[in-house]
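Each chain, written out:
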Amino acid sequence: MMINLPSSKCNLTLLTLFLLVNSVFAVENMTFPEAYKIAETTESNMSDDSKDTLTKSQGEFLVKSVISCINDTGEKPKSFSLVVKFNAQGNVTETWKTKSSDFLDCFESEAKEKYKYVSGEKEFYSFIKVNL
């Protein structure tokens, strides 16, 4: 059903607010599998040069953070996954993880504080999947 409303600044403002609020709630309620799928699709569409830059960035972050979190928590997980969302400035703004543990909580915190990647996009999703 299509409803025609008279055009007005008030209607446009209300519509804009509605869309903004819904997009905020959608991100807050996103599950790990949903975020992972976005990250997987995003990364599969990258150029080879961009993939190389991302891989180098992940490697540098992983080496420091995995060792730091093993030392801090005393845990050495066999595997873990984390999805991160970067903003245009390369800062992690959201994270999703498969489970919770002292190690993974530490790793997530490290990602939010220390992991940087500038993609050139408004927002960029990436995943880290590790098997030790």
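Let me sum up the structure you'll find in this document. Position numbers for residues count from 1 along each chain, tracking the sequence in the order it is written. Note on the predicted model: pLDDT of at least 70 is required for a residue's local features to be given, and 80 or more for side-chain atom pairs to be given and counted; whole-chain, interface and lining totals, by contrast, use all residues. Hydrogen atoms and water are omitted, and side-chain values are computed over all heavy atoms in the structure.

**Section: the layout of surface pockets**
(1) Moving on: Considering only enclosed or pocket space, the largest pocket measures out at about 170 Å³ in volume.
(2) Moving on: What lines the largest pocket is Ser 57, Glu 60, Phe 61, Lys 64, Ser 65, Ser 68, Glu 110, Lys 114, Tyr 115 and Lys 116.
(3) Moving on: Those elements giving two or more residues to the lining of the largest pocket turn out to be helix 3 (48–73) and helix 4 (102–114).
(4) Moving on: Ranked by residue count, the leading element in the lining of the largest pocket is helix 3, at six residues.
(5) Moving on: In this classification, the charged set is Asp, Glu, Lys and Arg, the nonpolar set is Ala, Val, Leu, Ile, Met, Phe, Trp, Tyr, Cys and Pro, and all remaining amino acids, among them Gly, are polar. Its residues assigned to classes, the lining of the largest pocket shows two nonpolar, three polar and five charged. Lining residues are those with an atom within 4 Å of a point, where the points come from a 1 Å grid over the protein atoms alone and group into cavities, where a 1.4 Å probe fits but cannot get out, or pockets, open sets with protein on both sides within 12 Å along at least five of seven lines. Grid points are joined across faces, edges and corners, and a volume is the space filled by probe spheres set on the points. Numbering of helices and strands runs from the N terminus; a helix is a DSSP stretch of H or I covering at least four residues, while a strand is a stretch of E covering at least two.

**As for the sheet that holds strand 2 (residues 92–97)**
Either a parallel or an antiparallel arrangement is found when strands of a sheet pair, and the pairing is made through backbone hydrogen bonds.
(1) Moving on: As summarised here, the arrangement of the three strands in space is 2-1-3, forming an open sheet in which the pairing is antiparallel. Edge positions in the open sheet fall to strand 2 and strand 3 (123–131), since each of these has one partner strand only. Neighbour-to-neighbour, the strand axes of this sheet turn through a mean angle of 20°, independent of strand direction.
(2) Moving on: Here nine bridges tie strand 1 (residues 79–87) to strand 3, and the two strands are oriented antiparallel to one another. From the neighbouring strand, Val 84 faces strand 3, where its bridge partner is Ser 126.
(3) Moving on: Against the sheet, helix 3 makes contact with strand 1 and strand 3, and its axis sits at roughly 55° relative to strand 3, the strand it touches most.
(4) Moving on: Where helix 4 meets the sheet, its contacts fall on strand 1, strand 2 and strand 3, and the angle it forms with strand 1 comes to roughly 20°. Here, a strand pair is defined by DSSP locating no fewer than two bridges between the strands. Interaxial angles span 0 to 180 degrees and are taken between N-to-C directions of axes, which are lines fitted to C-alpha atoms, for helices over the stretch in contact. Contacts were defined at the residue level, with two residues in contact if any of their heavy atoms lie within 4.5 Å.

**A look at the pattern of salt bridges**
(1) Moving on: One speaks of a salt bridge when a side-chain nitrogen belonging to Lys or Arg is within 4 Å of a carboxyl oxygen belonging to Asp or Glu. Applying the stated criterion across every chain, the model contains four salt bridges.
(2) Moving on: Note that Lys 97 is salt-bridged to Asp 105, the shortest N-O span being 2.3 Å.
(3) Moving on: We call a residue buried when its accessible area falls under 20% of the maximum for its residue type, exposed when it is over 50%, and partly exposed in between, using a 1.4 Å probe and counting protein chains only. Residue classification places Asp 105 among the partly exposed positions, given a relative accessible area of 30%.
(4) Moving on: Two residues, Glu 110 and Lys 114, come together in a salt bridge whose shortest N-O distance is 3.3 Å. Placement of the pair is Glu 110 and Lys 114 together in helix 4, with a separation of four residues, close to one helical turn.
(5) Moving on: For Lys 114, a relative accessible area of 48% corresponds to the partly exposed category.
(6) Moving on: Overlapping salt bridges bring together Lys 97, Asp 105 and Glu 108 as one network.

**Some thoughts on the nonpolar core**
Soluble, globular proteins show a tendency: their nonpolar side chains are buried together.
(1) Moving on: Put simply, buried Ala, Val, Leu, Ile, Met, Phe, Trp, Tyr and Cys residues joined by side-chain atoms within 4.5 Å make one nonpolar core. In this structure, Phe 80, Val 84, Phe 86, Phe 107, Tyr 115 and Ile 128 are the most contacted members of the largest nonpolar core, which totals 21 residues.
(2) Moving on: Among the secondary structure elements, those contributing two or more residues to this core are helix 3, strand 1, helix 4 and strand 3.
(3) Moving on: When neighbours within four sequence positions are excluded, Phe 80 is seen to be in contact with Val 66, Phe 103, Leu 104, Phe 107, Ile 128, Lys 129 and Val 130.
(4) Moving on: Counting nine residues, the second-largest nonpolar core is a separate cluster that includes Met 30, Phe 32, Trp 96 and Tyr 125.

**Thoughts on the pairing of strand 2**
(1) Moving on: Of the pairings in the sheet, the one linking strand 1 to strand 2 comprises five bridges and is antiparallel in character. Along strand 2, the bridge assignment pairs Val 83 with Trp 96.
(2) Moving on: Here strand 1 folds back onto strand 2 in antiparallel fashion, the turn holding four residues, of which Gly 90 has a positive phi close to 90°.

**Some points on the packing of aromatic side chains**
(1) Moving on: For Phe, Tyr and Trp, where Trp contributes only its six-membered ring, two rings pair if their centres lie within 6.5 Å, and the inter-plane angle classes them as stacked under 30 degrees, edge-to-face over 60, or tilted in between. With the rule as written, the count across this model stands at 12 aromatic pairs.
(2) Moving on: When the ring of Phe 61 is compared with that of Tyr 115, the centres are 4.6 Å apart and the planes differ by 15°; the resulting orientation is stacked. In this pair, Phe 61 sits in helix 3 while Tyr 115 sits in the loop between helix 4 and strand 3, placing the two residues 54 residues apart along the sequence.
(3) Moving on: Its relative accessible area of 6% is what places Phe 61 among the buried residues.
(4) Moving on: Seen in terms of ring centroids, Tyr 117 and Phe 124 are 5.3 Å apart; in terms of plane orientation they differ by 45°. Their pairing is tilted. Phe 124 carries the same exposure label as Tyr 117, and that label is buried.
(5) Moving on: Cluster of aromatic residues (ring-pair linked, three or more members): Phe 61, Phe 80, Phe 86, Phe 103, Phe 107, Tyr 115, Tyr 117 and Phe 124.

Bear in mind that shape data such as this cannot, by itself, settle questions of function.
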